[in-house]
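Okay, here's what each chain looks like letter by letter:
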Amino acid sequence: MLIDAQDLTKSFATGDGMLPVLSGVSLTLAAGETLALTGESGSGKSTLLHLLAALDAPDSGSIRLAETEITGLGDRDRAAIRREKIGLVFQQFNLIPSLNTAANIAFQARLAGRHDPDWCATLARRLGLADMLDRYPEQLSGGQQQRVAIGRALAPRPAVLLADEPTGNLDEATADDVLALVLDLVAETGAGLLMVTHSTRLATRLSRQLRLSKGRVA
Amino acid sequence: MRRTALAALVSHWRRQKLQLFALLAGLALATALWSAVQAINAEARRSYAAAAGTLGLGSYETLVDPAGPIPVESFAALRRAGWPVTPLVEGRAEIAGRRIQVIGLEFLSAPRRNLPDTLAADTLSPAEIFLPPGIGFAAPATLRALAGQPGLPRLFADPALPPDRLFTDIAVADRLLEAGSGIDRLLLLPGAPDGLPDAVVPGLRRQPAESQGDLTRLTASFHLNLTAFGFLSFAVGLFIVHGTIGLAFEQRRGMFRSLRALGLPLRTLLALLLAEILALATIAGGLGIALGYLIAGALLPDVAATLRGLYGASLPGTLAFDPAWAASGLGIALAGSLVAAAHGLDTVRRMPLLASARPRAWAIVSGRQLRRQAAAGGALLAAGALAPILADGLLAGFALLGGLLLGAALLLPLLLSAVLALGAAHARRPLAQWFWADTRQQLPGLSLALMALLLALATNIGVSTMVSSFRQTFVGWLDQRLVSELYVTAPSEAEAERLRAWLAPRAEAVLPIWKVDLPLMGAPGELYGIVDNPVYREHWPLLAATDAPWEALYAGRAALVNEQLARRNGLHPGDPVSLGAGWQLPVAAIYSDYGNPAGQAIVALPTLLEHHPEVPKLRHGILTDDPQALSRALTEEFGLPPANVTENGRLKAVSLEVFDRTFTVTAALNILTLSVAGFAILTALLTLSSMRLPQLAPLWALGLTRRRLARLEILRALALAALTFAAALPVGLALAWCLLAVVNVEAFGWRLPMTLFPDQWLRLLLLALLAALVAAALPVRRLARTEPSQFLKVFADER
Ligand SMILES: Nc1ncnc2c1ncn2[C@@H]1O[C@H](COP(=O)(O)OP(=O)(O)OP(=O)(O)O)[C@@H](O)[C@H]1O
Ligand SMILES: [Mg+2]
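Note that the coordinates shown come from a computational prediction; the quantities given were computed from them, not determined experimentally. (Residues numbered from 1 in each chain as written. Chains lettered and ligands numbered in written order. Predicted model: local features only at pLDDT ≥ 70, side-chain atom pairs only at ≥ 80, totals over all residues. Heavy atoms only, no water.)

**Quick look at the overall build of chain B**
Note the following rule: Starting at the N terminus, helices and strands are each numbered in turn, a helix being any DSSP run of H or I of at least four residues and a strand any DSSP run of E of at least two. Here's how the labels work: a residue is buried when its accessible area is under 20% of the maximum for its type, exposed when over 50%, partly exposed in between, all with a 1.4 Å probe on protein chains only. Any two residues having at least one pair of non-hydrogen atoms within 4.5 Å are treated as being in contact. Only the protein chains shown count as cover for residues, and all accessible areas are computed by the Shrake-Rupley method using a 1.4 Å probe.
Regarding its fold elements, chain B presents 24 helices and 19 strands. Here chain B, with 799 residues, has 53% of them falling under the buried criterion. For chain B, the share of sequence-separated contacts (at least 6 apart) that also reach a separation of at least 24 residues comes to 79%. For chain B, the exposed surface amounts to about 34,500 Å²; the carbon and sulfur share of it is 61%.

Structure, rendered in structure tokens:
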């Protein structure tokens, strides 16, 4: 099992008391599996993904990531998990503005000490970025930036790819292409994929679907 | 992992070259000013040490003959009679176009600890020392200047010697000075009996040893001044560094979060950032030290002239590299940038991984923070004001200055915010309203730079007010005080008598200027005797007096004292002043006596002669209608060396030059500090300009042209500079008052009346506006050229 999360709860302190966001969510993801996470806005999808990516800690419950219990780890170990095991495509973790496309794609792989230039070149070509390797993020369109982020996440061949609405600001046709590409690449690397999406059309193309509602699995 | 992360961090600077330049230049400028001042101070201290060390000859009592040189036979007779004396010849000789002070000692009988090291170490053979051409010692630079000149002894370098001095055997000195054989002074070595050797050689006089202490005290205040200036400049520089480092952290928030999300541990990130800052500080510090060396080299001749003119301390005009101040420069650069970066590092440490990635409007300061900062400013002001009450001395004076400047700087943002809010409240047109409100919103990002500008402007106003007040008072005082048209010094008392007889029919009056050096109220002082002549009553600059002071003076019933003596001892007209053992007179009046460190008293000439018949009777002031003709006659017909005859006009010019040079250094530092502040504004505006885009884009979309927006940005910079100037003016005047009424009194013993020079303020205001204009020009040019697509991107990004 790549991911085995049990009974996760999480609440946030707001102006008027604690706001429960996740109340007892459990899920699993096996190697080679692709899981679509859906649910209305505010249902806690991003929060769940943050927990699974070791970016944030749950209030209770357990998360085993590639057979390692990650709840209760310190900053250094959580950073190592993210570096070694996880590929992230989140809207708010932008590209590094002062690095060009090539350097951005190779970045996490380098950080993890697993840089493979051939694989990076392949990724760039397949993502349609081959002739913009020297450009900086500010010189790319939104969709192109999204593709660079996907390349960056896949470059170190992570065990799990966690994606939060990776096609959110792409037109339908491009979104379909990008998703097909992601699914191909995930299949090739044998990684598991957990993807948040609002689109039922896209969700049905993944092997499994999970729907969140008001912090619970519906 | 570290290499990759570091490369990403550094890539920021590659893309933001201007910001990198601002950071390095700000820190380098700050370090340069600091280390230049340190270099000058270190150089000066070395010179005093040298002067006090080898030429410790002043620490001996001496025997002199008021009538002229002492014959060699007298010296021999004294030795035979068992008096431990050693002869000394001194004078100035023109060698290689330089005025060299030649000091001749008898190497055999001179105290060994006053001999140059080479000689004391016994490495030279007697033949080398005593057979022609003989040997001599000079500072290395002097030695180089004298190399190859004919007629000189074999010269050795002695770094402990002050410049332009040649230390040699008495016979060689005689030859160089072209003096007839004769001894200027006999040093009384330890073990000499008390009293005078009248039985052996009659007519000699004993002179007390000189003290070096007051030189140190006086120059210390000058150096304290310089150090304070250096520190201030560094503080201004730190504002820049704080601003740019803070911005670099703020801009990279997103990157830091991405790095951590992708698996870089927080500690590693912090360590890398620390390493980055230290590396930048080392580079900038190194540049700054090099720059400081150049500045110090350029200023040192003026400083040397100032110290020589003001205090008689001699300083070589060139700079020697000293690793100690280089290290102190690097140290303060590192410490300064760490202080500046501490806040940024702490923010990174506490930044939650999942907080908003958008850089907050840079350095947002809440109203409460603004008020808290202003409260701290008020507290500093109060503490500064209390300092002179709780303690005295120069340090309290500087505490007052520090409290005033820092307190005012901290109060500035709140003040500006209040003024801008007032402007917004009174604005009618919507654009004007937006302008005021928006300017107020920019304040947090600009406040550090504006505080730096305030400090620079206030220092500028304060110091130039002091300088100009000083100069004006001094010129007026010189006009009063230099009453005679001509000053003449006779080579001996016999000549002086002939001179007086010769002058009597040719001049309106001959005024003896005779004085004895003696301790006055426990400190070195001078006692003058004057004759009854109306010029004194008409011109002498009295600060306070009893009724009819001159009558009391000439009747021998009272004395005049100078301001320094009066202030140091709390004397007022009517108080008794002690003029020596068992001799007291009431103070008839107090007169101003600028530029003179020593205490001074004046009595009627007959009174002086009664107590000190031995007073050297050589110097005279001459009242005449035609000083030039008389001066020519004295040098040509009477055969006086030109150096012994000085015309009033020339003396005035020389004194004024000394005083003008005194402040050249200060003025140079003033300009440098102001440019550092201008630089701070440029940096702040440049960095703000990148964040301005989202704020300006809506206005552009609503129909304001880019040119119009650019003009408004310029107007904003000018308005802020003008407001800051308005705030700096009272601070600067308060600073001037502190300098004139507190620091000067503590350091020099005189208080100067403060004069206001509004034309200087106007010039400074224009300069400040110009600095703001220049600083705003670059970012505004960028704005005016911003592609519409950039504006559009703002909307695209907002989604
Ligand atoms: N740091 C936080 N502090 C307080 N409340 C938060 C925080 N983060 C998220 N929330 C709240 O938690 C709830 C779930 O947020 P989350 O971002 O997980 O929703 P989501 O399912 O991803 O929604 P969307 O589809 O709109 O992205 C929301 O009500 C949100 O307001
Ligand atoms: Mg979400």
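Still more to cover.
**Some points on the overall build of chain A**
Scanning chain A from terminus to terminus reveals seven helices and ten strands. For chain A, the residues scored as buried account for 51% of the 218 residues in total. A sequence separation of at least 24 residues applies to 71% of the contacts in chain A between residues at least 6 apart. Within the structure as shown, chain A displays about 8,800 Å² of accessible surface, and the carbon and sulfur contribution to it stands at 48%.

**With respect to the sheet that holds strand β3 (residues 34-39) of chain A**
All names here are of chain A. Rules: Two strands form a pair only when DSSP identifies at least two bridges running between them. Helix axes use the C-alpha atoms of the stretch in contact, all axes being lines fitted to C-alpha atoms, and the angles between their N-to-C directions lie in the range 0 to 180 degrees.
Overall, mixed pairing links the six strands, which are arranged β6-β7-β8-β3-β9-β10 in an open sheet. Strands at the two margins of the open sheet, each flanked by one partner only, are β6 (86-89) and β10 (216-217). Of the pairings in the sheet, the one linking β3 to strand β9 (residues 208-213) comprises five bridges and is parallel in character. Bridging from a neighbouring strand, Gly39 pairs with Leu212 of β9. Packed onto the sheet, helix α2 (residues 75-85) meets β6 and β7 (160-164) and runs at close to 85 degrees relative to β6.

**Remarks on the site of ligand 1**
Residues and elements named next belong to chain A. For clarity, the cut-off: For each residue, the test is whether any non-hydrogen atom lies within 4 Å of the molecule or strand; if one does, the residue is near. Polar contacts, as used here, are pairs of N or O atoms within 3.5 Å; protein pairs need one atom able to donate a hydrogen and one able to accept it. Residues neighboring in sequence count only if both atoms are side-chain atoms.
Taken together, the residues surrounding ligand 1 are Phe12, Val21, Ser41, Gly42, Ser43, Gly44, Lys45, Ser46, Thr47, Glu165 and His198. Contacts to ligand 1 include Gly42, whose backbone N or O atom sits 2.9 Å from an oxygen atom. In this structure, an oxygen atom belonging to ligand 1 sits 2.7 Å away from a side-chain N or O atom of Ser46. Starting from 630 Å² of accessible surface for ligand 1 in isolation, the protein chains cover 61%. It is helix α1 (residues 45-52) that contributes the most residues to the shell around ligand 1, three residues altogether.

**Some words on the sheet that holds strand β5 (residues 68-69) of chain A**
Residue and element names in this part refer to chain A. Here four strands make up an open sheet; going across it, the order is β2-β1-β4-β5 and the pairing antiparallel. Looking at the sheet topology across the chains shown, the edges are occupied by β2 (17-29) and β5. Pairing between strand β1 (residues 3-14) and β2: ten bridges, direction antiparallel. Its bridge partner being in β2, Phe12 is matched across the sheet by Leu19.

**A closer look at the pairing of strand β4 (residues 135-138) of chain B**
All names here are of chain B. As a reminder of what qualifies: The handedness of a crossover follows from its direction of travel: if, with the strands pointing away from the viewer, the path from the first strand over the helix to the second runs clockwise, the crossover is right-handed.
Alternating residues of β4 divide into Ile135 and Phe137 and Gly136 and Ala138, and every residue in both groups is buried. Crossover β4 to strand β5 (residues 154-157) through helix α6 (residues 140-146) is right-handed. Alignment of β4 against strand β6 (residues 165-169), held across two bridges, turns out to be antiparallel. Of the residues in β6, the one forming a bridge with Phe137 is Phe167.

**Remarks on a nonpolar patch on the surface**
Using the following cut-off: Each patch is built from salt-bridge-free residues with over 30% relative accessible area, joining like charges within 9 Å and nonpolar side chains (Val, Leu, Ile, Met, Phe, Trp, Tyr) within 5 Å. Basic side-chain nitrogens of Lys or Arg form a salt bridge, by our definition, when they fall within 4 Å of a carboxyl oxygen of Asp or Glu.
Taken together, the side chains of Ile671(B), Leu767(B), Leu770(B), Leu773(B) and Val774(B) define a hydrophobic patch exposed on the protein surface, amounting to about 440 Å² of accessible area. You can see Leu773(B) is positioned in helix α23 (residues 758-784).

**Considerations on the packing of aromatic side chains**
Centre distance and the angle of the planes are the two values used to describe a pair of aromatic rings. Note the following rule: Any two of the Phe, Tyr and Trp rings considered here, Trp counted by its six-membered ring, make a pair once their centres fall within 6.5 Å; the pair's planes then place it as stacked at under 30 degrees, edge-to-face at over 60, or tilted in between. A ring has a charge above it when a Lys NZ or an Arg CZ is no more than 6 Å from the ring centre and no more than 35 degrees off the ring normal.
Tallying each qualifying case throughout the model produces six aromatic pairs over all chains. Between Phe435(B) and Trp436(B), the aromatic rings sit 5.9 Å apart at their centres with planes inclined by 75 degrees, giving edge-to-face as the arrangement. Ring geometry for Tyr536(B) versus Trp540(B): centroids 5.8 Å apart, planes at 70 degrees, classification edge-to-face. Exposure remark for Tyr536(B): the relative accessible area of 5% places this residue in the buried category. Judged by its relative accessible area of 12%, Trp540(B) falls in the buried class. Its guanidinium or amino end placed over the ring of Tyr136(A), Arg15(B) lies 3.6 Å from that ring's centre, counting from NZ or CZ. Across the ring face of Trp502(B), the terminal group of Arg506(B) is positioned such that the distance to the ring centre comes to 4.1 Å.

**Brief notes about the side chain of Thr142(B)**
Residues and elements named next belong to chain B. On the secondary structure map, Thr142 appears in helix α6. The class of Thr142 is buried, set by a relative accessible area of 1%. Each residue touching Thr142, except ones within four places of it in the same chain, is listed here: Ile100, Pro163, Asp164 and Arg165.

**Focus on the side chain of Arg147(A)**
Residue and element names in this part refer to chain A. For clarity, the cut-off: By the counting scheme adopted, Arg and Lys are positive, Glu and Asp are negative, and His together with the chain ends is not counted.
By the secondary structure assignment, Arg147 is in helix α5 (residues 142-154). Within the buried core, Arg147 has no salt-bridge partner, and the shortest N-O distance to an opposite charge, that of Asp131, equals 8.0 Å. When near neighbours in sequence (up to four residues on either side) are disregarded, Arg147 contacts Leu127, Gly128, Leu129 and Val178.

**Section: the confidence of the model for chain B**
Residues and elements named next belong to chain B. For clarity, the threshold we go by: pLDDT is defined as a per-residue confidence score from the predictor, taking values between 0 and 100.
Overall, the predicted model of chain B reaches an average pLDDT of 78, with 82% of residues at or above 70. Predicted confidence is poor over residues 211-215, with pLDDT under 50, and the contacts of this stretch with residues over four places away or in other chains come to five contacts. This complex was scored by the predictor with a pTM of 0.64 and an ipTM of 0.85.

**Considering the interface of chain A and chain B**
Put simply, the rule reads: As used here, buried area is the combined drop in accessible area, with a 1.4 Å probe, of two parts when they are placed together. Polar here means any residue other than Ala, Val, Leu, Ile, Met, Phe, Trp, Tyr, Cys and Pro, which are nonpolar, and Asp, Glu, Lys and Arg, which are charged; Gly is therefore polar.
Contacts between the two partners involve 24 residues from chain A, matched on the other side by 24 residues from chain B. In this assembly, chain A packs against chain B so that about 2,300 Å² is buried in total across both faces, 60% of it on carbon and sulfur atoms. Counting the contacts that link chain A with chain B gives two salt bridges. A salt bridge links Arg260(B) to Asp75(A), with the nearest nitrogen and oxygen atoms 3.2 Å apart. Broken down by secondary-structure element, the contributors of at least two residues to the side of chain A that touches chain B are α2 and α3 (101-111) of chain A. By residue number, the principal contributor to the side of chain A that touches chain B is α2(A), which donates five residues. Taken together, the residues that form the side of chain A that touches chain B break down as ten nonpolar, six polar and eight charged.

**A closer look at the packing of helix α15 (residues 493-503) of chain B against helix α20 (residues 627-636) of chain B**
Residue and element names in this part refer to chain B. Selection criterion: For this classification, under 35 degrees means roughly parallel, over 145 means roughly antiparallel, 65 to 115 means roughly perpendicular, and everything else is oblique. The hand of a helix crossing depends on one turn: near helix anticlockwise from the far one by less than a right angle means left-handed, and clockwise means right-handed.
Remark: α15 packs on α20, axes separated minimally by 13 Å, with the N-to-C direction vectors making an angle of 140 degrees. Accordingly, the angle class assigned to the pair α15 and α20 is oblique. As α15 packs across α20, the resulting crossing turns out to be right-handed. Counting all contacts with α15, which are made through Leu499, Trp502 and Leu503, the residues of α20 involved are Leu630, Ala633 and Leu634.

**Details of the pattern of salt bridges**
Applying the stated criterion across every chain yields a total of 23 salt bridges over all chains. Through salt bridges with shared partners, one network takes in Arg83(A), Glu84(A) and Arg114(A).

**Brief notes about the packing of helix α4 (residues 117-126) of chain A against helix α6 (residues 172-189) of chain A**
When two helices pack together, their arrangement is captured by the angle between the axes and the distance separating the axes. All names here are of chain A. Look at α4 against α6: their axes get within 11 Å of each other, and the N-to-C directions meet at 155 degrees. Relative to α6, the element α4 lies roughly antiparallel. Seen along the crossing, α4 lies across α6 with a hand that is right-handed. Here Trp119, Leu123 and Arg126 of α4 come into contact with α6, specifically with Leu181, Asp184, Leu185, Glu188 and Thr189.

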